[in-house]
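Here is what each chain is made of, one letter per residue.
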Amino acid sequence: MTSKTSSIRRRKEFWETYLWSLKKNRGMMALLTLLMFIALPMILMILMSNTQNRITTEIYTPEMWTQTYLSSVTGLTALLVTPISLIFVLVISVSLFGYMHQKRSVDLFHALPVGRTPMILGRLLSSLTALYAPILLNFALIFVVGAAYPVQLQLCWVTVFSYLLWLMLICAAALCLSSFMAVCTGMTTDMILSLLGINAAYPLLIFLGDRFASSLLPGLNTGLTANSIILTAVSPFMAAFMPYIVSGSQARSGALVVDAGFYIWWIVFTLVLLAGTVLLYRKRRSECAESSFAFSLPKNVIRFMITAVTGLGLGLLLQSGTESSGNFFIGLIAGSLAAHIVTETIYSRGFKQLKKSFAGYGVFMAVFVAAYAFLATGALGYDTRVPLAEDVASVTIQDPYTDGGGQIVDGNHRLLASVTPTLMEKANIEKVTDFHKKITQDKREHSYPYSLNSRNGTSFTLTYHLKNGGAVNRTYYLEYKEDGQGNPISPLGEIADTREYKETQDLLFYVEPEYIKSVDLDTRGGEDSTTFAPDLNTKKELLDAMRQDYLEGKLNNGKDLDAEASYLVIEYKAPLQVKGGRLKTLLNGYEGDIYLYVNSYHFLNSSSKTGELVEKLGWNK
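Residues numbered from 1 in each chain as written. Predicted model: local features only at pLDDT ≥ 70, side-chain atom pairs only at ≥ 80, totals over all residues. Heavy atoms only, no water.

Student: What is the right way to read the overall build of the protein from this model?
Tutor: If you tally the helices and strands in the protein, you get 19 helices and 13 strands. Burial analysis of the protein (621 residues in total) assigns 47% to the buried set. At a minimum sequence separation of 6, the contacts of the protein that also span at least 24 residues come to 78%. Carbon and sulfur atoms make up 60% of the accessible area of the protein, which amounts to about 29900 Å² in all. Computed over 53 positive and 50 negative side-chain charges, the inter-centroid distance for the protein is 18 Å. (Helix = DSSP H or I, 4+ residues; strand = E, 2+ residues; numbered from the N terminus. Buried < 20%, exposed > 50% of the residue type's maximum accessible area, 1.4 Å probe, protein only. Contact = heavy atoms within 4.5 Å. Areas by Shrake-Rupley, 256 points an atom, 1.4 Å probe, with all protein chains shown as cover. Lys, Arg positive; Asp, Glu negative; His and termini not counted. Charge placed at Lys NZ, Arg CZ, Asp CG, Glu CD.)

Student: Explanation requested: the sheet that holds strand β1 (residues 392-398) in the structure shown.
Tutor: Note: strands within a sheet are paired through backbone hydrogen bonds, in either parallel or antiparallel orientation. Read across the sheet, four strands follow the order β4-β1-β5-β6 without closing on themselves; strand pairing throughout is antiparallel. Single-partner strands in this sheet number two, and they are β4 (422-423) and β6 (471-478). Both strand β5 (residues 458-466) and β6 contribute to a ladder of eight bridges, which runs antiparallel. Across the sheet, tyrosine 464 pairs through a bridge with valine 472, a residue of β6. Here helix α14 (residues 426-447) sits on the sheet in contact with β1, β4, β5 and β6, set at roughly 55° to β6. (Pairing = 2+ DSSP bridges. Axes fitted to C-alpha atoms, helices over the stretch in contact; angles between N-to-C directions.)

Student: I keep staring at helix α13 (residues 354-376) and nothing clicks. Help me out?
Tutor: Within an α-helix, residues lying three or four positions from one another point in the same direction, as the helix has 3.6 residues per turn. Taking 1.5 Å as the rise per residue, α13 with 23 residues should run 33 Å; its terminal C-alpha atoms sit 32 Å apart, in good agreement. Turning to α13, its buried residues number three or more, namely Leu354, Ser357, Tyr361, Phe364, Phe368, Tyr372, Leu375 and Ala376. Contact partners of the buried residues in α13: α7 (188-216), α11 (297-322) and α12 (325-348). Phi for glycine 378, located one or two positions after α13, is positive at around 95°. (Expected span 1.5 Å × (residues − 1).)

Student: For this particular structure, what's the right way to read the packing of α12 against α13?
Tutor: How two helices sit against one another is set out by the angle between their axes and by the gap between those axes. For the pair α12 and α13, interaxial distance at closest approach is 10 Å and the crossing angle is 150°. Of the two elements, α12 crosses α13, and the hand of that crossing is right-handed. When α12 is examined against α13, the residues Phe328, Phe329, Leu332, Ile333, Ser336, Leu337, His340, Ile341 and Glu344 are found in contact with a partner set consisting of Leu354, Ser357, Phe358, Gly360, Tyr361, Phe364, Phe368 and Tyr372. For the contact of α12 with α13, a count of residues per class yields 12 nonpolar, four polar and one charged. (Left-handed = near helix turned anticlockwise from the far one by under 90°. Nonpolar A, V, L, I, M, F, W, Y, C, P; charged D, E, K, R; others polar.)

Student: Looking at this model, I keep getting lost on the state of the cysteines. Mind explaining?
Tutor: A covalent bond between the sulfur atoms of two cysteines is referred to as a disulfide. Evaluated as defined, the whole model comprises zero disulfides. Of the cysteine sulfurs around cysteine 171, a residue in no disulfide, the closest is that of cysteine 176, at 11 Å. Lacking any disulfide linkage, cysteine 184 is separated from the closest cysteine sulfur, that of cysteine 288, by 10 Å. (Disulfide = S-S within 2.5 Å.)

Student: Could you clarify how one ought to interpret the packing of helix α17 (residues 536-551) against helix α19 (residues 609-617) in this entry?
Tutor: Here α17 crosses α19 at 150°, and the two axes come no closer than 8 Å. In terms of axis orientation, α17 runs roughly antiparallel to α19. Residues Thr538, Glu541, Leu542, Ala545, Met546, Gln548 and Asp549 of α17 form the contact with α19, whose participating residues are Lys609, Thr610, Leu613, Lys616 and Leu617. Of the residues belonging to the contact of α17 with α19, the class tally is five nonpolar, three polar and four charged. (Parallel < 35°, antiparallel > 145°, perpendicular 65-115°, else oblique.)

Student: Got a minute to help me understand the confidence of the model for the protein in this structure?
Tutor: Detailed reading of the predicted coordinates is not advisable wherever pLDDT is low. For the protein, per-residue confidence averages 85 on the pLDDT scale, and residues scoring 70 or more make up 91% of the total. Under a pLDDT of 50 for its full length, residues 249-254 has, in the predicted model, 23 contacts with residues more than four places off or in other chains. (pLDDT = per-residue confidence, 0-100.)

Student: Quick question: what am I supposed to make of the sheet that holds strand β12 (residues 595-596) here?
Tutor: Read across the sheet, three strands follow the order β3-β2-β12 without closing on themselves; strand pairing throughout is antiparallel. Every other strand in the sheet has two partners, leaving β3 (415-418) and β12 as the edge strands with one partner each. With two bridges connecting them, strand β2 (residues 407-409) and β12 associate as antiparallel partners. What sits directly across from isoleucine 408, in β12, is leucine 596.

Student: Sorry if this is basic, but what is going on with the pattern of salt bridges here?
Tutor: Any two side chains of opposite charge can pair, given that their charged atoms come close. The full count for this structure, using the stated rule, is 12 salt bridges. The partner of lysine 517 in a salt bridge is glutamate 571, and the shortest N-O contact between them spans 3.9 Å. Of the two residues, lysine 517 is situated in strand β9 (residues 516-523) and glutamate 571 in strand β11 (residues 565-572); the sequence distance between them amounts to 54 residues. For lysine 517, a relative accessible area of 48% gives the class partly exposed. Residues participating in the shared-partner salt-bridge network are Arg9, Arg10 and Glu13. (Salt bridge = Lys/Arg side-chain N within 4 Å of Asp/Glu carboxyl O.)

Student: Can you help me understand the nonpolar core in this one?
Tutor: When a protein is soluble and globular, its nonpolar side chains tend to lie buried together. Counting 108 residues, the largest nonpolar core has Tyr69, Phe139, Phe212 and Trp266 as its most contacted members. Broken down by element, the residue count for this core peaks at 20 residues, all from helix α6 (residues 157-184). Among residues more than four places away in sequence, those in contact with phenylalanine 139 are Leu40, Thr77, Val81, Val160, Tyr163, Leu164 and Leu167. (Core = buried A, V, L, I, M, F, W, Y, C linked by side-chain atoms within 4.5 Å.)

Student: Can you help me understand the environment of serine 451 in this one?
Tutor: Assignment of secondary structure puts serine 451 in the loop between α14 and β5. Taking the relative accessible area as the measure of exposure, serine 451 reaches 36% and is therefore partly exposed. When the C-alpha positions of serine 451 and valine 432 are compared, they lie 26 Å apart, and in sequence the two are 19 residues distant. Serine 451 has contacts with Ser215, Leu216, Ser325 and Tyr372, leaving out every residue within four places of it along the chain.

Student: Hey, could you run me through the packing of aromatic side chains in this one?
Tutor: Both the distance between ring centres and the angle between the ring planes are used here to describe each pair of aromatic rings. Tallied over the full model, the rule gives 23 aromatic pairs. Taken together, the aromatic side chains of Phe212, Phe328, Phe329, Phe368 and Tyr372 make up a single cluster linked through ring pairs. The ring of tyrosine 448 is capped by arginine 444, whose NZ or CZ atom sits 4.0 Å from the centre of that ring. (Phe/Tyr/Trp six-rings, centres within 6.5 Å; stacked < 30°, edge-to-face > 60°. Lys NZ or Arg CZ within 6 Å of the ring centre and 35° of its normal.)

Student: Even after reading the chapter, I still don't get a negative patch on the surface, so can you show me in this structure?
Tutor: The grouping of Glu390, Asp391, Glu430, Asp434, Glu494 and Asp497 at the surface amounts to a negative patch. Sorting the residues of the negative patch by element identifies α14 and α15 (494-497) as the ones contributing at least two each. Secondary-structure assignment places aspartate 391 in the loop between α13 and β1. (Patch = residues over 30% accessible without salt bridge, like charges linked within 9 Å, V, L, I, M, F, W, Y side chains within 5 Å.)

Written out as structure tokens, the structure is:
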């Protein structure tokens, strides 16, 4: 009976707190609704109207209207709606949780007959309501705007809904992080500084840490990209913009712009923050108001990150400019020490806690020394680990110098596959493993224990696809040499000369004659350009001639640039339905429409099979 009565009382306290907080936020909610209306539906109406005024003579298809609509929504959401929402997260958080940082206010609220759990949860829910109501209303209005024009809304709802869902989730995460910091800090200033610190310092720490580690340990390839969850894993104010950076400003109809991994991580992290906020608030002493921190762990973590970011950043900057490892350590010590002192001084409002805080600086130095020693000594054999050839199913080699063999995308312009040299023959895999072993042995003999080095040369990435389903990635920076005529020679040596390497390096060896739509022939300098639509037999002859020239090094050969040469551009049919062959295998059996990027080639007019065929067909006259 007592438990049931207590539960009813807690629910009543929760709803009373929620309604009171929501009433307090009425003005903020109205202002956010107005600003978001201006930033999204109103500007979208203007953009669509301007588009309509421009097409008095031009034919504008529903597909074009749809793309204009989606591009506008994407740009406005990224540049205006998201920043406005995050600013209001911070403003509302200060408004509703700022009482914890004022002694008189916290004494008043804690004296009320309201439990701490319903008090904090009621305020959080009212904050979400104040944020979500304007967001939902204005996203509903953009569908009304789209319906007023020939926009194919059935193709847009997935993309627009993904923007909406992501914005709501990231606002909830940012709000929970703000409330967590409000509970941990004793002053509003410290709360705001901590939020700025963790959202700026954490992504920089991951980026600089990756740069530092890959510059020290040969072959290290972490695969860190803008799409990596770890880059902004605890920084919702930064993570909010990542999907737009990854997908670019042009959204495609039906494309889900946010990976499922982002949703899963931020749901879990938001729930963890929520639980942490409630638990810590129940333990928070009222006397902590107007002090530095109620709980010191966040302060120590943020100070550590800022110290590490400044030290690594300055150290890597000095090292890259001077090629000296000694300058890295000078920059590391100077930058980290200065950052530690400044951060502690700001948090403590003076130097009285500075001496005591150097224990935290000692932790940073101990972590750095341990990490440096671990990487410099090969990371427990990571530097010399080469898979056995018999365990490898295939090897993919990425060389930016010769990259560009072709890309295949779907109807939403999402990349399906890139044409990259892939070796599957046992003899060729053995050549790669022998080449890899030679690199590791050379580095062990000449630079062990390792020291920081700049990324000079061309990056080569070896990706071993193992028979057990695993993968091994290594990236090395190697120098291209030159022959007696100044032409580049690949560091891969005989690997780059194998037939399998060449046949998997360019789209020419994957397409069928019927895929070709037209051929453009340009003389050197682009003064003449003629488009041909050859028959199927001519397309087959052309492909055979170009493939033979490619294998013999007579197509796209840098030596020919100064000779009498022509340029040939192949345009493929769009969209394509692949029914079989090597391209189907490359796409892992993909069944939908595909699009192939246009490829261009140069060849000698006189001493190549392609040149002879062009002469025979009379295309160069």
